[in-house]
Amino acid sequence: MWTISDNKTWAYLAGRFDWISVMEQVPQDIHHHAEGNVAIHTQMVLEALQAQPACRELEAQEQEILWTAALLHDVEKYSTTVTESDGRITAHGHARKGALKARNILYREVPAPLMIREQITALVRYHGLPLWIFEKKDPLRELIKASLEVNTRWLYLLARADVLGRICMDQAELLYRLDCFAELCRENGCWGSARAFASAHARMHYLQREDAHPDYVPFEQPHTEVILMCGLPGAGKDTFVKKYLSGLPVISLDEIRVLRKVSPTDATGNGQVIQAAKEQARAYLRRQTGLVWNATNTTRQMRSQLIDLFHAYKAKVKVVYVEAAYRQLQQQNRNREAVVPAAVLEKLAAKLEVPAPWEAEEVIWHTW
């Protein structure tokens, strides 16, 4: 069974991990966290999580996933906490940034299996959603999207521990909000499982259109399929393409760079490379010919722009994420013909967003 640490005493963890020891220096707003700093709050959350009977009933590995998510849920408050002009303390964006930090810790520092790591990362990312979902523009859409990425029952248990692990005047109201979240999950087939759709195409139709109903089944079907590769430099995307996707046209940004003699760090040149690649893709798509787009595509924004392009030509999109262990990745990058500078690789790894199931009709995660 994977565990972040066999020794779970706070003194040991704070001595081993600097991202834990720094929590003692991060203040919190007295109105929401009268208990004190982030270290005190995190310890209270861990205790509250383990005290929940529903948590103790989970399998050992599931308990470890939740425990680690609780440990990491406020890991980026240290970088996002500010004191406003009125004296209030806020940490806007700490969940989003914390998810990136959690992924990096569990990829580089304490390696976890990909699916365990990504569930922990998703729990960190969405840990505030149960409290605030009804303030979203479209609560049901937000819930359905989250259910495709995170176990909502575990998310509820984490959010409940987050509320119980603090001292505040509105604790009863916050717990009521969590119960409403749980009921919303149950009413819409999202409690502890992903919301089911008639097809992957129906799911994408719903997620891409504000006025769509989740049970609607589109009549028009995709004309062809585009495979969008994704992964850090040296992860083995080229190997995957050669082994599993031979016979399909491949648009490789690396190959275009070599032909045009463009450096990976040349922003202007890379912009021209991407435009040339898109023109090649349009030519295939106009003929309703499937293709492989082979590039890093390590952020959601990069992928969404391409996925929108492919969908505009009525193509189904399959995202294939390829990952190698961190040390293996570094070695494979050094062995590449076009070596990516170590500093650039580190920066890409720090900002890596592993594809979520809701990004395309199909998402595959492959590890070597």
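Basis of the calculations
- Residues numbered from 1 in each chain as written.
- Predicted model: local features only at pLDDT ≥ 70, side-chain atom pairs only at ≥ 80, totals over all residues.
- Heavy atoms only, no water.
- Core = buried A, V, L, I, M, F, W, Y, C linked by side-chain atoms within 4.5 Å.
- Buried < 20%, exposed > 50% of the residue type's maximum accessible area, 1.4 Å probe, protein only.
- Helix = DSSP H or I, 4+ residues; strand = E, 2+ residues; numbered from the N terminus.
- Contact = heavy atoms within 4.5 Å.
- Phe/Tyr/Trp six-rings, centres within 6.5 Å; stacked < 30°, edge-to-face > 60°.
- Lys NZ or Arg CZ within 6 Å of the ring centre and 35° of its normal.
- Axes fitted to C-alpha atoms, helices over the stretch in contact; angles between N-to-C directions.
- Parallel < 35°, antiparallel > 145°, perpendicular 65-115°, else oblique.
- Left-handed = near helix turned anticlockwise from the far one by under 90°.
- Nonpolar A, V, L, I, M, F, W, Y, C, P; charged D, E, K, R; others polar.
- Salt bridge = Lys/Arg side-chain N within 4 Å of Asp/Glu carboxyl O.

**Student:** It is not clear to me how the nonpolar core should be interpreted in this structure. Could you clarify?
**Tutor:** Grouped together as the largest cluster of nonpolar side chains are 68 residues, with contacts concentrated most on Trp19, Leu66, Leu71, Leu72 and Leu123. For this core, the element with the most residues is helix α11 (residues 152-164), which contributes 8 residues. Discounting residues that sit within four places of it in the chain, Trp19 has contacts with Ile4, Leu71, Leu72, Val75, Lys101, Ile105 and Glu109.

**Student:** Could you clarify how one ought to interpret the packing of aromatic side chains in this entry?
**Tutor:** The geometry of two aromatic rings is summed up by the distance between their centres and the angle between their planes. This model, assessed by the stated rule, comprises 6 aromatic pairs. The interplanar angle of 45° and the centroid separation of 4.7 Å between the aromatic rings of Phe240 and Tyr244 together place this pair among those described as tilted. Note that Phe240 and Tyr244 are positioned in helix α14 (residues 237-244) at a spacing of 4 residues, about one turn of the helix. When its relative accessible area of 8% is taken as the criterion, Phe240 is described as buried. When the ring centre of Trp67 is taken as origin, the NZ or CZ atom of Lys8, which lies over that ring, is 5.0 Å away. Over the aromatic face of Tyr206 sits the side chain of Arg141, whose NZ or CZ is 4.3 Å from the ring centroid.

**Student:** Please clarify how the packing of helix α8 (residues 114-126) against α11 should be interpreted in this entry.
**Tutor:** In a packed pair of helices, the relevant descriptors are the angle between the two axes and the axis-to-axis distance. Axis separation between α8 and α11 bottoms out at 10 Å; the angle between their running directions is 55°. In terms of axis orientation, α8 runs oblique to α11. Here the hand of the crossing between α8 and α11 comes out right-handed. Contact residues: Gln119, Leu123 and Tyr126 in α8; Trp154, Leu155 and Leu158 in α11. Looking at the contact of α8 with α11 residue by residue, the class counts come to 5 nonpolar, 1 polar and no charged.

**Student:** Looking at this structure, how should I read the pattern of salt bridges?
**Tutor:** Side chains bearing opposite charge may pair, as long as their charged atoms lie close to each other. The final tally for this structure, using the stated rule, is 21 salt bridges. Close ionic contact of Arg166 with Asp162 constitutes a salt bridge, the shortest N to O distance being 3.4 Å. For the pair shown, Arg166 and Asp162 are each scored as buried. Residues joined in a network through salt bridges with shared partners are Arg103, Arg117, Glu118 and Glu323.

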